[in-house]
Amino acid sequence: MECQWKPDEQGLQQILQLLKESQSPDTSTQRSVQQKLEQLNQYPDFNNYLIFVLTKLKTEDEPTRSLSGLILKNNVKAHYQNFPNGVSDFIKNECLQNIGDSSPLIRATVGILITTIASKGELQNWPELLPKLCLLLDSEDYNTCEGAFGALQKICEDSAEILDSDMLDRPLNVMIPKFLQFFKHSSPKIRSHAIACVNQFIISRTQALMLHIDPFIENLFALAGDEEPEVRKNVCRALVMLLEVRLDRLLPHMHNIIEYMLQRTQDQDENVALEACEFWLTLAEQPVCKEVLCGHLPKLIPVLVNGMKYSEIDIILLKGDVEEDEAIPDNEQDIRPRFHRSRTVAQQHEGGDSIEEEDDEDDLDDDETISDWNLRKCSAAALDVLANVFRDDLLLHILPLLKELLFHPEWLVKESGILVLGAIAEGCMQGMIPYLPELIPHLVQCLSDKKALVRSITCWTLSRYAHWVVSQPPDIYLKPLMTELLKRILDSNKRVQEAACSAFATLEEEACTELVPYLAYILDTLVFAFGKYQHKNLLILYDAIGTLADSVGHHLNKPEYIEMLMPPLIQKWNQLKDEDKDLFPLLECLSSVATALQSGFLPYCEPVYQRCVNLVQKTLAQAVLHQTQPEFYEAPDKDFMIVALDLLSGLAEGLGGNIEQLVARSNILTLMYECMQTVFSQDKMPEVRQSSFALLGDLTKACFQHVKPCIANLMPILGTNLNPELISVCNNATWAIGEISIQMGSDMQPYVPMVLQQLVEIINRPNTPKTLLENTAITIGRLGYVCPQEVAPMLQQFIRPWCTSLRNIRDNEEKDSAFRGICTMITVNPGGVVQDFIFFCDAVASWMNPKDDLREMFYKILHGFKNQVGDENWRHFSDQFPLPLKERLAAFYGV
């Protein structure tokens, strides 16, 4: 009965009219078309009309027919479960009948439609689909074979997992051998489809493919020299993936594969070259890399270096011939969204500042405007990772090339040389040191090259050597570098401004307080840039200012600096609306500035504080509305709230007790309590809680009198958030509990049972990140300091990991209170430490200079233990100590 469906002539004309209108560029026409489409969706057979136009109405032009199919695809996506059976059967039949349409556009549209239906869970309810498509592959008619393959390729891409599951009776056992037969087909398009289908199953190590892995690899080798670029590209892609999952099968042929990939990396077709270049990136991650590649370096290095030149198309896209563009406003589409990294509390370490989570900000993203991955970026990234594998051995092959490139008269070649120099900076740093006294001044000169693209890449490369520059006498390298970089921050080319600002931020991180003598000059430049920059670079400028504040800290707190820096920041702050995403980087910047200026920020703090509280309040209110009436209110952008909470933390940390009045006059504690629970407890975004706990800890330190009344409500929430699966949330909650303990003293007693068990479990967990371990140890110590009777009985369960996690952090207040706690607990329960006493000795020895009364506590415990066991036993015991430990304990504590 269904197949007899016929369209009503008038209805058909109406729909064709709509399809014509929807091709109009006019937005109001577009809007009315959208509304009419929505209305038509009320009619059950509307979708029959759409498929009819696509497959039966051969009199219409192809774009209109294809469009009809694409509207149907969107309906399938949105409402397929509501289609009446008759309609969905009619559509499925029509699709299978017309997969071989003579028009490539219609075939492709039908293929997309089939895939969309399949991905709506219909592979199970359309059992004839896969067998039918596989059957059609054998058709004599090229169009049918190509159409069926196109649809199969899309299904393999979209539904790879379900194809390999028991739900469908494992069709791949039939499909994969079938695909392999088509690797030798006479049509390049079909060969390409066949490889692309099989490629979907490599990374997941699909069983059906692993059974045929050898014929697959043999067939790939047979196609190595294929004249069709798309086929070569798919061959390269397959080999790159096999390198990750079946290296064992490639190893016997590795020499030939490397030779082949060397050729392909120089392929005339850039897409093929790019796929092939990925091979070196993947190979560098394999342990065999050094062994299999070392003999090929003399050939490979020149190929990669050559790939690092800008192509002609790059230069057109980059407007490389436009030198001055600072007055041209940015295209808003080019500005990439900024993500705020929520606040995480970390400890200071010996010999350096707090270890942040690894932050790869200086990766090879020098020319972000072509954000597309291209051969230049891939070659540079490959050289970077290979430099990390081969270290200075790579220089043998690079130095001769570099000499020629860096001093080349053609700017394009010189530019690529500067990129090479930056790419090897991390891996070959040791071997480069002898050349840097000559190279750095040369690069500083290149900063004033007449080509903007040379100036911008030079900024990046110099930032990669910032660490070395800062380690040298400042007048020789740091001062000239900084002077020139600051000029580039005021360059007349926007790309150079951006590169200089980013490079300067890196330099700030490396140089820290070395910059103090030049602060006036630096601030002069950064403030001048405020008036000069277009939108996109302003966002990077905020970052450079925030990093400067982090790097020089309280040295920024001088009236003349504050008068330079604050007015432009506050002016921007007042210009921006509450909904403006630019608030993120500005809030982050102000947070760093407030922390650095401390009391110097007081005159500005009230409006900033108020606005942050308002942002939190607005976001919470919107979240509640969205939860109660999701159909009327959309979910808020929680980033606003997270950034505002983090800036409040920065204010509390910077202003300390001075924030008390502001807290007293606002409802921030109620808001913070709401952020931690109700709306956000099941939240997808744990960052809200992460930032709330950081703020709780900072307010506890700054003005505990306002936090204390809420403790009974807050502690249970902190207890439930000690879940190490969410590392940062857990870390900040742990830290806040420690800060609260110090303030509460013995009143902490009723709350110990809410948190102690979880903390002990976390400190004993394998693979817990260092920051979390350290904060957990400090909090256990602090709890034991204020409530020794409650915590000491568990001493034996945590003393060993406790000692090992705190031996490496610097002497500071937090470490001090934690060790007082451990000593107090040992006095209450000396038996708890006996088995692990050597760890305690080692932790004590990690102190450089403890306060006198703490040193006294250490002395008593060490001597108490020694007297308890007697000299003879103590000697046996202390003979196990490494020599430095033995010497330190003898020198400091006379044991």
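J.: Looking at this structure, how should I read the packing of aromatic side chains?
T.: Two numbers describe a pair of aromatic rings. These are the distance of the centres and the angle of the planes. What the rule picks out here adds up to 22 aromatic pairs. A centroid spacing of 4.9 Å and a plane angle of 65 degrees characterise the contact between Trp 802 and Phe 819, whose relative ring orientation is edge-to-face. Of this pair, Trp 802 sits in helix α45 (residues 795-806) while Phe 819 sits in helix α46 (residues 813-828); the two residues are 17 residues apart in sequence, bridging distant segments of the chain. Here Trp 802 matches Phe 819 in class, with each residue buried. Ring geometry for Phe 858 and Tyr 893: centres 6.3 Å apart, planes at 75 degrees, overall edge-to-face. Of this pair, Phe 858 sits in helix α48 (residues 852-878) while Tyr 893 sits in helix α49 (residues 883-893), and the two are 35 residues apart along the sequence. Across this residue pair, the class does not change: Phe 858 and Tyr 893 are buried. Every member of this aromatic cluster is reached through a ring pair, and the members are Trp 802, Phe 819, Trp 847, Phe 858, Phe 892 and Tyr 893. The aromatic ring of Trp 573 is capped on one face by Arg 611, whose charged end is 4.9 Å from the ring centroid. Above the ring of Trp 847, the side-chain terminus of Lys 815 is found at 5.0 Å from the ring centroid.

J.: In this structure, what is going on with the environment of Val 729? I would like to understand it.
T.: Positionally, Val 729 belongs in helix α41 (residues 727-744). Expressed as a C-alpha distance, the spacing of Val 729 and Pro 686, which sit 43 residues apart in the sequence, is 6.7 Å. Setting aside residues up to four positions removed in sequence, Val 729 forms contacts with Pro 686, Arg 689, Gln 690, Phe 693 and Asn 721.

J.: Just to check I follow, could you spell out helix α1 (residues 9-21) for this structure?
T.: Each turn of an α-helix holds 3.6 residues, which means side chains three or four residues apart point in the same direction. The end-to-end C-alpha separation of α1 is 19 Å, in line with the 18 Å expected for 13 residues at 1.5 Å each. Along α1, the positions that sit buried rather than exposed are Gly 11, Leu 12, Ile 15, Leu 16, Leu 18 and Leu 19. What you see down the axis of α1 is that its buried residues fit within an arc of 155 degrees, all on one side. Turned more than 90 degrees away from the buried face of α1, the exposed residues are Glu 9, Gln 10 and Gln 14. Buried residues in α1 make contact with α2 (27-40), α3 (46-55) and α4 (62-79).

J.: So what exactly am I meant to see when it comes to the pattern of salt bridges here?
T.: Opposite charge on two side chains permits pairing when their charged atoms draw close. Using the criterion set out here, one finds 44 salt bridges in the structure. We note a salt bridge from Glu 484 to Lys 487, for which the minimum N-O separation is 2.9 Å. Taken together, the residues Glu 484 and Lys 487, both in helix α28 (residues 478-489) and three residues apart, mark about one turn of the helix. Of the residues examined, Lys 487 reaches a relative accessible area of 41% and is grouped as partly exposed. Between Asp 491 and Arg 488 there is a salt bridge, and its shortest N-O distance comes to 2.8 Å.

Cut-off values and rules
As a convention, each chain's residues are numbered from 1 in the sequence order in which they are written. Predicted model: local features are reported for residues with pLDDT of at least 70 only, side-chain atom pairs are reported and counted for 80 or more only, and whole-chain, interface and lining totals are derived from all residues. The basis for every side-chain value is the complete set of non-hydrogen atoms in the structure, without hydrogens or water. Here a pair means two rings of Phe, Tyr or Trp (six-membered ring of Trp) with centres within 6.5 Å. Their orientation is stacked below 30 degrees between planes, edge-to-face above 60, and tilted elsewhere. Strands here mean DSSP runs of E at least two residues long; helices mean DSSP runs of H or I at least four residues long; both are numbered from the N terminus. Working definition: with a 1.4 Å probe on protein chains only, accessible area under 20% of the residue-type maximum means buried, over 50% means exposed, and in between means partly exposed. Lysine and arginine charges are scored as sitting over a ring when NZ or CZ, respectively, is within 6 Å of the ring centre and within 35 degrees of the ring normal. We call two residues contacting when some pair of their heavy atoms lies within 4.5 Å. Here a helix's expected span is defined as the number of its residues, less one, multiplied by 1.5 Å. The arc under discussion is defined with respect to the helix axis, by the directions toward the C-beta atoms. Criterion for a salt bridge: a side-chain nitrogen of Lys or Arg within 4 Å of a carboxyl oxygen of Asp or Glu.

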